[in-house]
Amino acid sequence: MPSSMASASAADPSLPALLLAWYDRHARRLPWRTPPGGPAPDPYGVWLSEVMLQQTTVAAVIPYYQRFLARWPTVRDLAAAPLDDVLTEWAGLGYYARARNLHKCAMAVTERHGGVFPDTEEALRDLPGIGAYTAAAVAAIAFGRRATVVDGNVERVMARLFAVEDPLPGSKGELKRLADTLTPDSRCGDYAQAVMDLGATVCTPRSPSCLACPWQAPCAARRSGIAEELPRKDRKAAKPVRRGVAFWLTDDDGRVLLRRRPEDGLLGGMIEVPSTPWREGSPWAPEEALEHAPLRGLRWTPLPGLVRHTFTHFHLELTLVAATAEAAQPPAAARWVALPALGGEALPTVMRKVVRAAVAGL
DNA sequence: GAGCCGTGGTG
DNA sequence: TCACCAAGGCT
C-alpha cells in the first residue's frame, strides 16, 4: 500500500507533527491557556481549570474560573478559604464533590507541598480530586512532562483514527494504549491540548468536520465511512422519575427556612429548601407529605407550578406547599434567610428553581 | 467493574 | 420532548 494511502500507524512520527501544526493555527484562546509554543501556564490555573472542566463544557467553566481566580489568586488563598465560601462560589456548576475535593487538594498542596504543585503524574495522582486524566493533563500542560491525556475527546479521536469498533467502556484500555503510542516527547502540553481541541471542535460526536481535520488522510474510520458511528457505546439505562414536596416556610419578616444537606451523596454539603424525601413511584398524598414538614402545626397551602430537574441518573418533580410561622425558632440544622441574601447561599440549580417557583407562586 | 454524582447545550 | 454529551473521580 502506498504510504499516502496508509491508515494510521502507531509508529508514524508525522501524526503528532501534523496535529501540532494544526494547533499552531487553530488553538482556541482560553483564560487558563498560554499561546502555542509559549511558556507553560501557571500550575494553579491549570489545575483549577482542569477540575472545573471535568464533565463540564468550556462555556460553562469560563465565568466560574474567572471568579475563582479573582477571589483566590493562589492555591494558598484557596486553602485558607472556608469550605462554605468555596461551595457558594461553585454553586450552579454541578458535581459538588469536585468543590469539596478542590478545597481538600488546595490544603494538601499547601500543607504537604509548601504551596507548590508537585510536577509528576504520580505525585499529582495522590491528591484529592485528581485522577488519571487530571494528573496527566497538569503534568503535561503545566510542567511539560510526557503524559498521555485520555478524556472523552481523546477516546473518540482514537476510536476513529484507528477504527476501533469495540464499544465503550470496554475499549477504554485499548484506546489508552493507542493514544500512548502517539504521545510525543516534546511540546507535551501543546499536544495534550491539541488532541482535546481536535475532538472538541473538529472530531465532534455528531457531524464531524473531517474535511478540516489534520488527520483526515490517515483516519481509518473516515476512509470506511463510519467516523460518525464511532465510538460505539452501550445503551444507558432510562432515568426513572422521583417525586417530592418542598416546604416554602417564611417567618414574620419574610425570611425563608433553609437547611444544609448531608456532607456526602447527592448535592452533598449544599443548601436546600426543606422537602420530603425524593422517591420513585407514587406521588405524595398531602397528609403523608406533611409528616416530613420542618415544623408541626402549620397551615400549609399548595403553590401552583411544578419544578422539574434532571440529575445524572433520575428526573425530579417537586411540588411546593407554603406556610408562615410566627416568631418561630428555626428547627435544628435549619435557619432563616432573607430573600435578598439568597444569592450568597450555596444553592444548587434545582433549589434556585424552587425559589423562583415559590416567589412566582405567592 | 459498575453505580453514583449536576448542569446546560444540542439535534 | 428527550437522549446524548462534555477536558472524570470516587467508592
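The shown structure was predicted, so the numbers you read here are calculated from the model rather than taken from an experiment. (Residues numbered from 1 in each chain as written. Chains lettered and ligands numbered in written order. Predicted model: local features only at pLDDT ≥ 70, side-chain atom pairs only at ≥ 80, totals over all residues. Heavy atoms only, no water.)

Undergrad: Please provide a residue-by-residue account of unusual backbone geometry, values included.
TA: In the segment running from Leu 168 into Pro 169, the intervening peptide bond is cis, with an omega of 0°. Residues Leu 230 and Pro 231 are joined by a peptide bond in cis, for which omega reads -5°. Residue position: Pro 231 is located in the loop between helix H12 (220-224) and strand E1 (241-250). Phi is positive for Ala 163, close to 50°, though the residue is something other than glycine. Ala 163 gets classed as partly exposed once you look at its relative accessible area, which sits at 24%. (Helix = DSSP H or I, 4+ residues; strand = E, 2+ residues; numbered from the N terminus. Buried < 20%, exposed > 50% of the residue type's maximum accessible area, 1.4 Å probe, protein only.)

Undergrad: Describe the protein's contact with DNA strand B, with residues and values.
TA: What surrounds DNA strand B is a group of 18 residues, the closest being Leu 267, His 309, Thr 312, His 313 and Thr 349. Each atom of DNA strand B within 4 Å of the protein belongs either to a base or to sugar and phosphate, the latter forming 60%. The separation between a phosphate oxygen of DNA strand B and a polar main-chain atom of Leu 266 is 3.4 Å. Residue Leu 267 places a main-chain N or O atom 2.4 Å away from a phosphate oxygen belonging to DNA strand B. At the level of secondary structure, the elements contributing two or more residues to the surface near DNA strand B comprise strand E5 (301-310) and helix H14 (349-361). (Near = heavy atom within 4 Å. Polar contact = N/O pair within 3.5 Å; in protein donor to acceptor, adjacent residues only side chain to side chain.)

Undergrad: Mind laying out helix H6 (residues 97-112), listing which residues take part and the relevant values?
TA: Given a rise of 1.5 Å per residue, 16 residues ought to cover 22 Å, and the 21 Å separating the end C-alpha atoms of H6 matches this to within 8%. Regarding H6, the residues found buried are Arg 98, Ala 99, Arg 100, Leu 102, His 103, Cys 105, Ala 106, Ala 108, Val 109 and Thr 110. Tucked into the core, H6 has its buried residues touching helix H2 (43-52), helix H3 (58-71), helix H4 (75-80) and helix H5 (83-90). Positive backbone phi, at 65°, marks Gly 114, one or two positions downstream of H6. (Expected span 1.5 Å × (residues − 1). Contact = heavy atoms within 4.5 Å.)

Undergrad: Run through the packing of aromatic side chains, naming residues and quoting values.
TA: For the coordinates displayed, the defined rule picks out eight aromatic pairs. Taking the centre distance of 5.8 Å and the plane angle of 85° together, the rings of Phe 68 and Trp 90 count as edge-to-face. Taken together, the positions of Phe 68 in helix H3 and Trp 90 in helix H5 put the pair 22 residues apart, joining distant regions of the chain. Using a relative accessible area of 0% as the deciding quantity, one classes Phe 68 as buried. Residue Trp 90 is classed as buried on the basis of its relative accessible area of 0%. In this structure an aromatic cluster arises from ring pairing among Tyr 44, Trp 47 and Phe 117. The aromatic ring of Trp 278 is capped on one face by Arg 261, whose charged end is 5.2 Å from the ring centroid. (Phe/Tyr/Trp six-rings, centres within 6.5 Å; stacked < 30°, edge-to-face > 60°. Lys NZ or Arg CZ within 6 Å of the ring centre and 35° of its normal.)

Undergrad: Can you explain the side chain of His 309? Please cite residues and give values.
TA: Of note, His 309 is situated in strand E5. Separated by 2.9 Å, the side chains of His 309 and Lys 353 make a polar contact. Not counting chain neighbours up to four residues away, the residues in contact with His 309 comprise Phe 314, His 315, Leu 316, Thr 349, Val 350 and Lys 353.

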